[in-house]
Amino acid sequence: MPERDPHHDVVDVARHLSAELQRRGHEYALGGAIALGYWSTPRGTLDVNLTLFLSPDKPGAVVKLLQDIGCEVDTAEASAFIEEHGFCRATFDRFRVDVFLPITPFYDVARDRRKCVDLEGQPVMIWDAETLAVFKMMFFREKDF
């Protein structure tokens, strides 16, 4: 019998990334549709939104951590995006991971408001409802209104 792919959906990916970050003692928060599902009507997603509490001034450290937890990252592209925008994209298995870094003082408040929830039997850190709403408005996408 063939071995089951352990990362068959974004929930599996979010659980894996969370476990690896917790194991290494790194603070993080899951956002996007995964967090939204705890506070509102769940909606489908094909990616994981992940905030890492690492300095955007050290893109090399961000890239290394992402690689250490199993993500594929184009080092040059990710470093340039981090330096210019405070975020980057990575992939884990075949899934996109949007990685955000604390680029405004609001992240200090947001960090303290994170909630630990159960994601299919595993504790993970997510944004609380109010913080998630603020971030959704910061990105100002029509589907988030």
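Quick note: structure is the one above.
Residues numbered from 1 in each chain as written. Predicted model: local features only at pLDDT ≥ 70, side-chain atom pairs only at ≥ 80, totals over all residues. Heavy atoms only, no water.

> Can you lay out the packing of aromatic side chains for me, pointing to particular residues and giving the numbers?
Inspection of the entire model under this criterion finds seven aromatic pairs. Ring centres 5.9 Å apart and planes at 65 degrees place the aromatic pair Phe81 and Phe87 in the edge-to-face group. On the basis of relative accessible area, Phe81 is assigned to the partly exposed category, the value being 35%. Judged by centre distance (5.3 Å) and plane angle (75 degrees), the rings of Phe106 and Phe135 are edge-to-face. On the criterion of sequence distance, the pair formed by Phe106 in helix α5 (residues 106-113) and Phe135 in helix α6 (residues 129-139) is long-range, its members being 29 residues apart. Members of the aromatic cluster, connected to one another through ring pairs, are Phe53, Phe106, Tyr107, Trp127 and Phe135. (Phe/Tyr/Trp six-rings, centres within 6.5 Å; stacked < 30°, edge-to-face > 60°. Buried < 20%, exposed > 50% of the residue type's maximum accessible area, 1.4 Å probe, protein only. Helix = DSSP H or I, 4+ residues; strand = E, 2+ residues; numbered from the N terminus.)

> How would you summarise the side chain of Arg114 if you had to cite specific residues and measurements?
You can see Arg114 is positioned in the loop between α5 and β5 (115-119). Arg114 gets classed as buried once you look at its relative accessible area, which sits at 15%. A polar contact of 2.8 Å, which involves the side chain of Arg114, links it to the side chain of Glu27. Among all residues touching Arg114, those that are not within four sequence positions of it are Glu27, Tyr28, Ala29, Phe53, Met125, Ile126 and Trp127. (Polar contact = N/O pair within 3.5 Å; in protein donor to acceptor, adjacent residues only side chain to side chain. Contact = heavy atoms within 4.5 Å.)

> Describe helix α3 (residues 59-68), with residues and values.
Among the residues of α3, those classed as buried are Pro59, Val62, Val63, Leu65 and Leu66. Buried residues along α3 cover an arc of 160 degrees about the axis, so they all sit on one side. Along its buried surface, α3 packs onto α1 (10-23), β2 (47-52), α4 (75-85), β3 (87-92) and β4 (95-100). Of the residues one or two after α3, Gly70 is the one with positive phi, at around 105 degrees. (Arc of directions from axis to C-beta.)

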